[in-house]
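# A closer look at the structure
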Amino acid sequence: MKLITALHSPFGRKIRIVLAEKKIDFELIIAKPGEDDALIQSYNPLGKVPVLALDDGRVIYDSSVIAEHLDYLSPVCKLFPSDQRPMISAKRTAALADGICDAAVAVVMEQRRPSALQSQDAINRQHDKIIRGLAALESQLEEKRWFSGDAYSIADIGVICMLEYLDLRLPQLQWATHYPALQQYHQRVGERAAIIETRPVEMTSVA
Ligand SMILES: N[C@@H](CCC(=O)N[C@@H](CS)C(=O)NCC(=O)O)C(=O)O
């Protein structure tokens, strides 16, 4: 199977972590939106990465669907709880983390426009989503070891990818100084091998 993604995409990183945790072999095709749009659009009409191209010709997107497919493929390191309540809780937390990433991507894209065309209102609206999302995750985590139930799951992968994407693209937020439970959680979970080996090169530590 082939994974088509940009290395800095938090959504693509989620899938690289899932593949590493589940020890599934794949071919990585690096494609950047804005530079490799024709290639990306040939797989996904939305022109977004990540995309997973299966050996039987099927193509899967978006990242949440890919992650669920990979979890179904291999029993190693089950990432989607099978019981309904923890499964919905894990998916909801993963959706919240993805939504924060969507807002962070929107801020970055707005800030890349010529300054005269940028809308501060649009930036503030996305920024507020990020802050509300982080506050919700902080209170959801409390003293817990994992976001969903008593095991590492897709929720944890989504949250870690989101936190490290904020460090990479919006370091001025300094989320770690405002959310101590998330900061401690990140220190601990960020030491997993699959997370270390997929970390963007600009980020060499979890500090
Ligand atoms: N919901 C999608 C989001 C994917 C996404 O927004 N990817 C970004 C890169 S981080 C992208 O490809 N953007 C290009 C575009 O929106 O045209 C997923 O989970 O896969």
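Residues numbered from 1 in each chain as written. Predicted model: local features only at pLDDT ≥ 70, side-chain atom pairs only at ≥ 80, totals over all residues. Heavy atoms only, no water.

An unreviewed UniProt entry lists the protein under the name Glutathione S-transferase N-terminal domain-containing protein, with Deefgea piscis as the source organism.

## A look at the site of the ligand
The environment of the ligand is formed by S9, P10, F11, P33, G47, K48, V49, P50, D62 and S63. For the ligand, a nitrogen atom lies 2.8 Å from a polar atom in the backbone of V49. Note that an oxygen atom of the ligand is positioned 2.5 Å from one of the side-chain N or O atoms of S63. In isolation the ligand offers 510 Å² of accessible surface; the protein chains occlude 75% of this area. Residues belonging to the shell around the ligand are distributed by class as follows: five nonpolar, three polar and two charged. (Near = heavy atom within 4 Å. Polar contact = N/O pair within 3.5 Å; in protein donor to acceptor, adjacent residues only side chain to side chain. Areas by Shrake-Rupley, 256 points an atom, 1.4 Å probe, with all protein chains shown as cover. Nonpolar A, V, L, I, M, F, W, Y, C, P; charged D, E, K, R; others polar.)

## Structural notes on the nonpolar core
By size, the foremost hydrophobic cluster in this structure holds 53 residues, and its most contacted members are L70, I130, L134, V159, M162, L166 and L182. Where this core is concerned, the elements lending two or more residues are α1 (10-21), α3 (63-73), α4 (84-111), α5 (120-141), α6 (154-169), α8 (180-189) and α9 (193-197). The element best represented in this core is α6, accounting for ten residues. Three or more residues apiece are contributed to this core by two domains, here domain 1 (2-73) and domain 2 (84-196). (Core = buried A, V, L, I, M, F, W, Y, C linked by side-chain atoms within 4.5 Å. Buried < 20%, exposed > 50% of the residue type's maximum accessible area, 1.4 Å probe, protein only. Helix = DSSP H or I, 4+ residues; strand = E, 2+ residues; numbered from the N terminus. Domains from an automatic or database assignment.)

## A few points about the packing of α4 against α6
Between two packed helices, the angle of one axis relative to the other and the distance separating the axes together describe the packing. Two elements in contact, α4 and α6, have axes separated by 8 Å at closest approach and are oriented at 15 degrees. Regarding the angle of α4 to α6, the classification is roughly parallel. Crossing hand, α4 versus α6: left-handed. Across from A90, T93, A94, A97, I100, C101, A104, V105 and V108 in α4, the residues of α6 making contact are I154, A155, G158, V159, M162, Y165, L166 and R169. Looking at the contact of α4 with α6 residue by residue, the classes come out as 14 nonpolar, two polar and one charged. (Axes fitted to C-alpha atoms, helices over the stretch in contact; angles between N-to-C directions. Parallel < 35°, antiparallel > 145°, perpendicular 65-115°, else oblique. Left-handed = near helix turned anticlockwise from the far one by under 90°. Contact = heavy atoms within 4.5 Å.)

## Notes on the sheet that holds strand β2 (residues 27-30)
Pairing within the open sheet is mixed, and its four strands lie in the order β2-β1-β3-β4. Pairing within the sheet leaves two strands with one partner each, and these edge strands are β2 and β4 (59-60). Here strand β3 (residues 51-53) pairs with β4 via two bridges, running antiparallel. Of the residues in β4, the one forming a bridge with L52 is I60. With respect to the sheet, α1 is in contact with β1 (2-5) and β2, its orientation differing from that of β1 by roughly 155 degrees. Contacting β3 and β4, α3 runs over the sheet at an angle of about 40 degrees to β3. (Pairing = 2+ DSSP bridges.)

## Quick word on the pairing of β1
The side chains of a regular strand alternate, first on one face of the sheet and then on the other. For β1 and β2, the ladder comprises four bridges, and the chain directions are parallel. In the strand pairing of β2, T5 is matched with I30. For the handedness criterion, the β-α-β arrangement of β1, α1 and β2 is classed as right-handed. Summarising the sheet, β1 and β3 pair through three bridges and their orientation is antiparallel. Note on β3: the bridge partner recorded for I4 is V51. (Right-handed = clockwise from strand over helix to strand, strands pointing away.)

## Examining the packing of α1 against α6
Put simply, α1 and α6 touch, their axes get as near as 9 Å, and they point 135 degrees apart. In this view, α1 runs oblique relative to α6, as classed from their interaxial angle. Taken as a pair, α1 and α6 cross one another with a handedness that is right-handed. From α1, P10, R13, K14, I17 and V18 reach across to α6, where they touch I154, I157, G158, C161, E164 and Y165. Residue composition of the contact of α1 with α6, by class: seven nonpolar, one polar and three charged.

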